[in-house]
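Summary of structural features
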Amino acid sequence: MFEDFINACQNFVRNKTRTFLSLLGVIIGVASVIVITSIGKSSTKEIQDTFGSQGLDLVSVSTGFMRRKRDAITLNFDEKFRSDMFEALPNVKKIWYTNSLSATLSYGDTSVSSNCTAVEDGYLEMCGLELDYGNYFTVTDSVKGLQKVILGSEIAAGLFPSGEAVGKHILLYTSSTPFGFEVVGVLKEQNSGMESSTTGIYIPRGFYEKKITPNPYASTVMIQATSPAYTTKLVDLADDYCTKVSGTEYSVSVTSMQSLIEQASSITNTLSLMLSGIAAISLLVGGIGIMNIMIVTVTERRQEIGIRKALGASPAAIRRQFLVESASITLLGGILGIILGIAISFAIEFVRSQSFVINYTSCVVSFFFSVFVGIFFGFNPASRAAKLDPVKALADE
């Protein structure tokens, strides 16, 4: 077989143009599959990097679009609801309450507007939000409802372009009511999952309950799973629980960062698979081209085949010779296609300024598929060569 491979390489050198045309379809097919799958995998990684690794164990429950029913029960996110849900749902580590509102911050002549979130002590640490400097909220801040605020990095830079923000006093406007707050911390810019480390404004939930909206109800329930592995299942369980308690569907909207990432990755993988299938068609087209060229090659080399058979070569040896030659073409095409595909993928990711991820599985699958195409489409010409009558072959020449 090694001798057949050497002979095949020599034939490729003698027929450069024909060999190049045979390789072209295989190269394009393999390269296309690798480019598509690598871009898909890189896009998936970019989605994961954008959301970050924090918050993957969190499930968010907020008021949904309730279908009107007479016996429908309005869900109130109070302490009873929290304790009941904690007892009803499995694999729950803790349940956090938050409230959101639009706010405008003012310091001197500078004002910035953003979403403000009233949180419980420990919530920011749980979300993985790190402080650039300053301190987190304490239990005392929440219980007493102290007027303290932690700012996202961009908010702090906008209000205090000259430097230190901690210790400064600012005005926070909700609707038309101003409240004085002391800045106690500034967040470090990072990919932080469900909360913003750049444009976020965070105040103690105790203050929100006492001064801004005097009621104990939360607008959003954040369920922390014991592990990110349970998050997706917990989304369905929380939705079912709220439907059961309220007596109606769509009483709440339940989402999680993990499920969003999984959905986005699933869509990306499906598109990559579909496009890879389309790209793989060019491999089949290339295989048909190889079969046609191999038929021509068999016709041109009838004398060689006749001489080999006259000297005692078996039909199996003749068949193997041409199968090796056909497989060698696609083997070489597969290698060149992998190199070209990786090079194109690198170039695309460089232009897009996106992290590059090589899909090694597609490289291996494309390589072996290309070799299979060569053997499959080369079998018919090889069988024709094996069946040639040496007397007729030499007589025709």
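Here goes a summary of the coordinates provided. (Residues numbered from 1 in each chain as written. Predicted model: local features only at pLDDT ≥ 70, side-chain atom pairs only at ≥ 80, totals over all residues. Heavy atoms only, no water.)

**Points about the packing of aromatic side chains**
As enumerated under the stated definition, the model contains 9 aromatic pairs in all. For the ring pair Phe372 and Phe376, a centre distance of 5.9 Å and an interplane angle of 25 degrees mean the geometry is stacked. Remark: Phe376 and Phe372 occur in helix 12 (residues 360-387); sequence separation between them is 4 residues, near one turn of the helix. For Phe376, a relative accessible area of 52% puts it in the exposed group. Ring-pair connections join several aromatic residues into one group, and the members of that group are Phe77, Phe81 and Tyr241. In this structure, Arg82 is placed above the aromatic ring of Tyr97, and the distance from its NZ or CZ to the ring centre is 4.1 Å. (Phe/Tyr/Trp six-rings, centres within 6.5 Å; stacked < 30°, edge-to-face > 60°. Helix = DSSP H or I, 4+ residues; strand = E, 2+ residues; numbered from the N terminus. Buried < 20%, exposed > 50% of the residue type's maximum accessible area, 1.4 Å probe, protein only. Lys NZ or Arg CZ within 6 Å of the ring centre and 35° of its normal.)

**What to know about the environment of Asn269**
Structurally, Asn269 can be placed in helix 9 (residues 257-300). A residue is classified by how much of its surface remains accessible, and Asn269, at 45% relative accessible area, is partly exposed. Residues Asn269 and Thr44, spaced 225 residues apart in sequence, show a C-alpha to C-alpha distance of 8.2 Å.

**Considering the pattern of salt bridges**
Counted according to the given criterion, the structure contains 6 salt bridges. Notably, a salt bridge pairs Lys148 with Asp141, separated by 3.1 Å at the nearest N-O pair. Assessed through its relative accessible area of 23%, Lys148 is described here as partly exposed. With a closest N to O distance of 2.6 Å, Glu209 and Arg205 form a salt bridge. In this pair, Glu209 and Arg205 are both assigned in helix 7 (residues 205-212), 4 residues apart and thus about one turn of the helix distant. (Salt bridge = Lys/Arg side-chain N within 4 Å of Asp/Glu carboxyl O.)

**With respect to helix 11 (residues 315-352)**
Spanning 38 residues, helix 11 covers 54 Å between terminal C-alpha atoms, matching the ideal 56 Å at 1.5 Å per step. Just downstream of helix 11 lies Ser353, where phi reads positive at about 55 degrees. (Expected span 1.5 Å × (residues − 1).)

**Some points on the packing of helix 9 against helix 11**
Relative orientation of the contacting elements helix 9 and helix 11 amounts to 140 degrees, with a least axis distance of 11 Å. It follows from the interaxial angle that helix 9 and helix 11 lie oblique. Our pair here, helix 9 against helix 11, has a crossing hand that is right-handed. On helix 11, the residues touching Ile290, Met294, Thr297 and Val298 of helix 9 are Phe322, Glu325, Ser326, Ile329 and Thr330. When the residues that make up the contact of helix 9 with helix 11 are grouped by side-chain class, the tally is 5 nonpolar, 3 polar and 1 charged. (Axes fitted to C-alpha atoms, helices over the stretch in contact; angles between N-to-C directions. Parallel < 35°, antiparallel > 145°, perpendicular 65-115°, else oblique. Left-handed = near helix turned anticlockwise from the far one by under 90°. Contact = heavy atoms within 4.5 Å. Nonpolar A, V, L, I, M, F, W, Y, C, P; charged D, E, K, R; others polar.)

**Let's talk about the environment of Gln258**
Looking at the secondary structure, you find Gln258 in helix 9. With 26 residues separating them in the primary sequence, Gln258 and Thr232 have C-alpha atoms 6.7 Å apart. Among residues more than four places away in sequence, those in contact with Gln258 are Leu56, Pro228, Thr231 and Thr232.

**Side note on the packing of helix 9 against helix 12**
Interhelical geometry of helix 9 versus helix 12 gives an angle of 25 degrees and a closest axis separation of 9 Å. By the angle between their axes, helix 9 is roughly parallel relative to helix 12. Note on packing geometry: the crossing formed by helix 9 with helix 12 is right-handed. Residues Ala280, Leu283, Leu284, Gly287, Ile288, Met291, Met294, Ile295 and Val298 of helix 9 lie in contact with helix 12, whose contacting residues are Phe369, Ser370, Val373, Phe377, Asn380, Pro381, Arg384 and Ala385. The residue inventory of the contact of helix 9 with helix 12, partitioned by class, reads 13 nonpolar, 3 polar and 1 charged.

**Some thoughts on the nonpolar core**
Grouped together as the largest cluster of nonpolar side chains are 24 residues, with contacts concentrated most on Leu105, Val149, Leu151, Leu172, Phe181, Ile201 and Ile203. Among the elements that line this core, the one with the most residues is strand 7 (residues 177-187), at 4 residues. Once residues within four sequence positions are removed from consideration, Leu105 is found in contact with Thr110, Ser111, Val112, Leu151, Ile155, Leu159, Ile170, Leu171, Leu172 and Ile201. Core analysis: the next-biggest nonpolar cluster, separate from the first, contains 23 residues, Leu23, Ile318, Val371 and Leu388 among them. (Core = buried A, V, L, I, M, F, W, Y, C linked by side-chain atoms within 4.5 Å.)

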